[in-house]
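Read off the chains here:
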Number of protein chains: 2
Amino acid sequence: MSDNNTPIGVFDSGVGGLTVAREIIRQLPNESIVYFGDTARVPYGSKSKETIIRYSRQIVRFLRTKNVKAIVVACNTASAYALDTIEKELDIPMIGVVKPGAKSAIANTRNKRIGIIGTEGTIKSELYTEFIHGIDPDIEVLGKACPLFVPLVEEGMLHDTVTDEIASRYLNDLKKQEIDSLILGCTHYPLLRSTVGKIMGNKVNLVNPAYETAVSLGELLNQKGIAADKTNSPVYEYYVSDAAERFKSFANSIMPVKTEMIRLVNIEEY
Amino acid sequence: MSDNNTPIGVFDSGVGGLTVAREIIRQLPNESIVYFGDTARVPYGSKSKETIIRYSRQIVRFLRTKNVKAIVVACNTASAYALDTIEKELDIPMIGVVKPGAKSAIANTRNKRIGIIGTEGTIKSELYTEFIHGIDPDIEVLGKACPLFVPLVEEGMLHDTVTDEIASRYLNDLKKQEIDSLILGCTHYPLLRSTVGKIMGNKVNLVNPAYETAVSLGELLNQKGIAADKTNSPVYEYYVSDAAERFKSFANSIMPVKTEMIRLVNIEEY
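Here the residue numbering is sequential within each chain, running from 1 through the sequence in written order. In the order they appear in the text, chains get letters beginning with A and ligands get numbers beginning with 1. Local features are withheld for residues below a pLDDT of 70 in this predicted model, meaning they are given only at 70 or higher, and side-chain atom pairs are given and counted only at 80 or more; totals for whole chains, interfaces and linings count all residues. The basis for every side-chain value is the complete set of non-hydrogen atoms in the structure, without hydrogens or water.

A closer look at the overall build of chain A
- Under the scheme used here, helices are H or I runs from DSSP no shorter than 4 residues and strands are E runs no shorter than 2 residues, and both carry numbers assigned from the N terminus. Looking only at helices and strands, chain A features 12 helices and 10 strands.
- For the radius of gyration, the atoms used are the C-alpha atoms, and the globule rule reads 2.2 Å times the number of residues raised to 0.38. The C-alpha atoms of chain A give a radius of gyration of 18 Å, which matches the 18 Å a tight globule of 270 residues would have.
- Projected onto its principal axes, the C-alpha positions of chain A cover 55 × 40 × 40 Å.
- Partly exposed residues are those whose accessible area sits between 20% and 50% of the maximum for their type, while under 20% is buried and over 50% is exposed, using a 1.4 Å probe and protein chains only. Looking at chain A residue by residue over its 270 residues, the buried ones come to 60%.
- Residues are treated as being in contact if the distance between any of their heavy atoms lies within 4.5 Å. Contacts in chain A between residues far apart in sequence, at least 24 positions, make up 77% of those at least 6 positions apart.
- Per-residue and other accessible areas were derived by the Shrake-Rupley procedure at a 1.4 Å probe size, with only the shown protein chains allowed to occlude residues. Accessible surface for chain A amounts to roughly 11,300 Å². Of this, 47% is attributable to carbon and sulfur atoms.
- Taking the 31 positively charged and 33 negatively charged side chains of chain A as two groups, their mean positions are separated by 1 Å. For the purpose of counting charges, residues Lys and Arg are taken to be positive, whereas Asp and Glu are taken to be negative. His and the chain ends are not included. By convention, the point assigned to a charge is CZ for Arg, NZ for Lys, CD for Glu and CG for Asp.

Right under this line is the structure:
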């Protein structure tokens, strides 16, 4: 057995990062995953940079006890605040969701007008804007916070007239701004892709950072020569810091593989 | 100057407890208040009892540095999980929101059918049910979690057709159960009082624990002989563990007195 069959560590502040784990399962079906959702300390978007780095360090220490070969930060806030600091401390590769999502939007925009929707924390921090302007300062980045999207998704209201109405209010301004690409800048939002697409129309390219992250992860694993064997039967393990039952029911509503084993971790001990 | 003019300490996991502070300001206009909102560690509803006791102890230690004469636990979860333990450790009085709210509902129900709405954490923990049954086991307590109410309030959608629609879905079952009293069992919910009242109709008595808590606090201060002087000019101080700006804008949207001074506290040091 090769070491390459050790798992990928994936973490998020809660359930949202499951959309990233789901893309990894779809695109890299031989990779095992150890997922950690920090359900006791969710949400991260309203917390300070220092706090997010401290939390992310604890989670990385926990994931390393599971012998992970790479870490995916499936959380926008932690990708923006903690990734650069923590990857320097590690001898395994680490990638986040912000860069792959932003890069795809940059590559695809024709009129250089990119929209970004996310939580209040993500939009206020301008984390996508900063990264995009680092690559092309001429691109106009238009952000809009959609604070009700996460609770609507967690209530299972993915296809619902109320969700349509709220989405239409949130997106109305962005629609007028003639963006040609819209980044779904929160890990919950791919689950509202059809609602958002209906409102924005088919001329706006919806960028799903979860999808792009799985693509980047695949490339990274190949580059480093640590992709799992084609014969490897993957194992998916889930850990949370609180409320395992609630996590399980959400996971089973969106994941392609039934989620059986969810364990509670006292993350503050790491 | 009498010692009676020292402040009341009020704490909550976030902004919700401001509805309790607001009632204290209205009913006891000479009392000063030191408010602490644990915005870094919100929400409490999904955390364990041990964690809530530890957090509450830290907050009480912080409030005591402000020389408070009494403490109001303006948080349903902390009232249920931490109050009984911590009040034994203190030489100043401490009251929570659960008992005053539950007692008012018990005193007013005629058909012994009480409804309770709250966050998923509050409803699942059955904290109101347990207290009500301790006083009268014959009362039927019907709970319903309304997870979208807090984000809707925090979005300022207090009077909105979307909020009406969501409230009507949440309350539909409770309406059929012929309750005659409904406890607004989350500190955000008094801000949705008119929406909830419209749906439940005027035969259902809405119990606002924030209001009842301020009444109980007034009685307690009088009993102990520690009410502020009638000539005292109150001072209101606000402390949070994170995101002071967001707290300020919410406070200014609901408080009767403009909130200027909000300070950040590293609560984990207490």
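Some points on helix α10 (residues 193-200) of chain B
Residues and elements named next belong to chain B.
- Those residues of α10 that fall on the buried side of the exposure criterion are Thr195, Val196, Ile199 and Met200. Angular distribution of buried residues about the axis of α10 spans 120 degrees; they occupy a single face of the element.
- The inward-facing, buried residues of α10 abut β5 (113-118), α8 (149-154), α9 (161-176), β7 (181-184) and β8 (205-207).
- Immediately downstream of α10, the backbone of Gly201 shows phi near 85 degrees, a positive value. Picture the helix axis, draw a direction to every C-beta atom, and the arc is the one those directions span.

What to know about the interface of chain B and chain A
- Each partner contributes residues to the interface: chain B has 28 residues there, and chain A has 27 residues.
- Summed over both partners, buried area is the accessible surface (1.4 Å probe) that two parts give up on being assembled. Carbon and sulfur atoms make up 47% of the surface buried where chain B meets chain A, a total of about 2,000 Å² over both sides.
- Salt bridge, as applied in this entry: a Lys or Arg side-chain nitrogen positioned within 4 Å of an Asp or Glu carboxyl oxygen. Run the count over chain B and chain A and you get 6 salt bridges.
- Note that Arg54 of chain B is salt-bridged to Glu268 of chain A, the shortest N-O span being 3.3 Å.
- Each polar contact in these results corresponds to two N or O atoms within 3.5 Å; when the atoms are within protein, one needs to be able to donate a hydrogen and the other to accept it, and residues that are neighboring in sequence are counted only if both atoms are side-chain atoms. On inspection of chain B and its partner chain A, the count reaches 9 residue pairs in polar contact (both at pLDDT 80 or more).
- Elements with a contribution of two residues or more to the side of chain B that touches chain A: α2 (49-64), α8, α9 and α12 (244-254) of chain B.

Shape descriptors only; they carry no functional weight alone.
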